[in-house]
Amino acid sequence: MKWTQLTSLTLCVCFLVISFYSTSQEYQIQAADDWVKQQPLIKTEIPVNQIVDGTYYRLLDTQIKVSAQHPQQRYTRTVMQAVNQTGIDYISQLNLDFDPSYQTLTLNSLGLIRDGQYINKLASAQFKVLQRETELANGIYNGSLSLNIIVDDMRINDQLDYFTITGRNPIYQHFSASLTLNWSVPVAQQFMRVLWQKPTPLYINTINGEVDIKDTPLAVGHDYQISLHNQATITSSSQTPYWYNPYKQVFF
């Protein structure tokens, strides 16, 4: 299972993110909210012999805030490093999918990390909203959109660092979230946080192994956090039955 097959990932030095607002009604660009816990990037060697598509995943970060007073907020941050020209071609163009009928796509930041320095790309990147027509062949129009982003001047060993936050489908009355903890490609860091600000209990289950979950009680609810570094990769045979899942996962 690769990150590219899933739905939809602060620097170690402090930097100021200037808020921008898009003229488009379909998405907006603004700094992340204060509740988000910024993750510094760890130093790690690139496992060159395991790299696929020229891309090394430095950080996959998912944080979710759930409270009775406000709609659910989901924040994701992804840091990907281009190991060669294939990696540049692969990650210099992003497609962030969302459904405007119930989601607001917010891009919190977009930049490159080059030789330890952060280069803001919000002003120079090209943004275009596209219709997702994946079901038109079946006569179905689902109204989903994709924010296409082309990042300019990407070079080998550059790290693409971007943040997104979207809404949630209101038809789902119960909260649920899950995270895959190991992959078929190397991932340097994974961080998952569920900021549960409700008095009702939140149930947690794992499959294919246990995981250390830091539980911090709050005045109302709990702050659950999972932090993993350099988890072993898993490969599966092409003869593996489709229903068999060898990957470790956690469910909230």
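Residues numbered from 1 in each chain as written. Predicted model: local features only at pLDDT ≥ 70, side-chain atom pairs only at ≥ 80, totals over all residues. Heavy atoms only, no water.

Participant: Looking at this structure, I do not really get the packing of aromatic side chains. What am I missing?
Facilitator: What characterises a pair of aromatic rings is the spacing of the ring centres plus the angle enclosed by the ring planes. Scanning all chains against the criterion turns up four aromatic pairs. Relative to Phe-127, the ring of Tyr-27 has its centre 6.2 Å away and its plane inclined at 25°; by these criteria the two rings are stacked. One end of the pair, Tyr-27, is in strand β1 (residues 27-29); the other, Phe-127, is in strand β7 (residues 126-131), with 100 residues separating them in the sequence. Ring centres 5.8 Å apart and planes at 50° place the aromatic pair Tyr-75 and Phe-163 in the tilted group. Here Tyr-75 is found in strand β3 (residues 73-82), whereas its partner Phe-163 is found in strand β9 (residues 159-166), with 88 residues between them in sequence. Summarising the burial analysis for this pair, Tyr-75 and Phe-163 share the class buried. (Phe/Tyr/Trp six-rings, centres within 6.5 Å; stacked < 30°, edge-to-face > 60°. Helix = DSSP H or I, 4+ residues; strand = E, 2+ residues; numbered from the N terminus. Buried < 20%, exposed > 50% of the residue type's maximum accessible area, 1.4 Å probe, protein only.)

Participant: Could you clarify how one ought to interpret the pairing of strand β13 (residues 214-217) in this entry?
Facilitator: One face of the sheet, then the other: side chains in a regular strand alternate in exactly this way. Taken together, the four bridges between β13 and strand β14 (residues 222-229) define a ladder with antiparallel strand orientation. The residue of β14 that forms the bridge with Pro-217 is His-222. Between β13 and β14, which follow one another and run antiparallel, lie four residues, and Gly-221 among them has a positive phi close to 95°. (Pairing = 2+ DSSP bridges.)

Participant: What should I look at first to understand the nonpolar core in this one?
Facilitator: Residues Leu-110, Ile-149 and Leu-160 are the most contacted members of the largest nonpolar core, which totals 27 residues. Only β1, β2 (55-67), β3, α1 (85-91), β4 (93-98), β5 (105-114), β8 (145-150) and β9 provide two or more residues apiece to this core. Per-element tally for this core: the top contributor is β5, with four residues. For Ile-149, the residues in contact, after removing those within four places along its chain, are Ser-92, Gln-93, Leu-94, Leu-96, Leu-107, Leu-110, Ala-125, Gln-126 and Phe-127. Core analysis: the next-biggest nonpolar cluster, separate from the first, contains 16 residues, Val-66, Leu-181, Met-192 and Val-194 among them. (Core = buried A, V, L, I, M, F, W, Y, C linked by side-chain atoms within 4.5 Å. Contact = heavy atoms within 4.5 Å.)

Participant: Explain unusual backbone geometry here, please?
Facilitator: Keep in mind that most residues, glycine aside, have a negative phi and that most peptide bonds are trans. The phi dihedral of Asp-53 is positive, around 60°, even though this residue is not glycine. As for its position among the elements, Asp-53 is in the loop between β1 and β2. At Asp-115, a residue that is not glycine, the phi angle is positive and equals roughly 55°. By secondary structure assignment, the location of Asp-115 is in the loop between β5 and β6 (117-120). Residue class for Asp-115 comes out exposed when judged on its relative accessible area of 76%.

Participant: Looking at this model, I keep getting lost on the environment of Pro-47. Mind explaining?
Facilitator: Relative to the assigned elements, Pro-47 resides in the loop between β1 and β2. Judged by its relative accessible area of 19%, Pro-47 is buried. Sequence separation between Pro-47 and Ala-188 is 141 residues, and the spatial gap between their C-alpha atoms is 9.7 Å.

Participant: Please clarify how the confidence of the model for the protein chain should be interpreted in this entry.
Facilitator: Should the pLDDT be low somewhere, the predicted coordinates at that spot are not to be read in detail. For the protein chain, the average pLDDT comes to 84, and 83% of its residues sit at 70 or higher. Here residues 2-24 is modelled with pLDDT under 50, and outside its nearest four sequence neighbours on either side it reaches 50 contacts, counting other chains as well. (pLDDT = per-residue confidence, 0-100.)

Participant: Before we go on, may I ask you to explain the side chain of Asn-182 in this structure?
Facilitator: In this fold, Asn-182 is placed in the loop between β10 (178-180) and β11 (187-197). Its relative accessible area of 10% is what places Asn-182 among the buried residues. A polar side-chain atom of Asn-182 sits 3.0 Å from the main-chain amide nitrogen of Lys-248. Once you skip the residues sitting within four places of it in the chain, Asn-182 turns out to touch Gln-190, Gln-231, Ala-232, Ile-234, Tyr-247 and Lys-248. (Polar contact = N/O pair within 3.5 Å; in protein donor to acceptor, adjacent residues only side chain to side chain.)

Participant: Any chance you could explain the sheet that holds β7 here in plain terms?
Facilitator: Pairing between the strands of a sheet comes from backbone hydrogen bonds, and it takes one of two forms, parallel or antiparallel. The antiparallel open sheet is built from three strands, whose spatial order is β4-β8-β7. Two strands close off the open sheet at either side, each with one partner strand: β4 and β7. Ignoring which end each strand starts from, the neighbouring axes of this sheet average 20° apart. In this structure, β4 lies alongside β8, joined through six bridges in antiparallel fashion. (Axes fitted to C-alpha atoms, helices over the stretch in contact; angles between N-to-C directions.)

Participant: Just to check I follow, could you spell out the environment of Glu-26 for this structure?
Facilitator: With respect to the secondary-structure elements, Glu-26 resides in the segment before β1. In this structure the C-alpha to C-alpha distance between Glu-26 and Gln-103, which are 77 residues apart in sequence, comes to 9.2 Å. When near neighbours in sequence (up to four residues on either side) are disregarded, Glu-26 contacts Phe-98, Leu-105, Val-129 and Leu-145.

Participant: Help me understand the side chain of Asp-161, please; the structure alone is not making it clear to me.
Facilitator: Looking at the secondary structure, you find Asp-161 in strand β9. Here Arg-77 takes part through its side chain, which lies 2.7 Å from a polar atom of the side chain of Asp-161.

Participant: I keep staring at the pairing of β14 and nothing clicks. Help me out?
Facilitator: Pairing geometry for β11 and β14, over eight bridges, is antiparallel. For Trp-196, the partnering residue across the bridge sits in β14 and is His-222.

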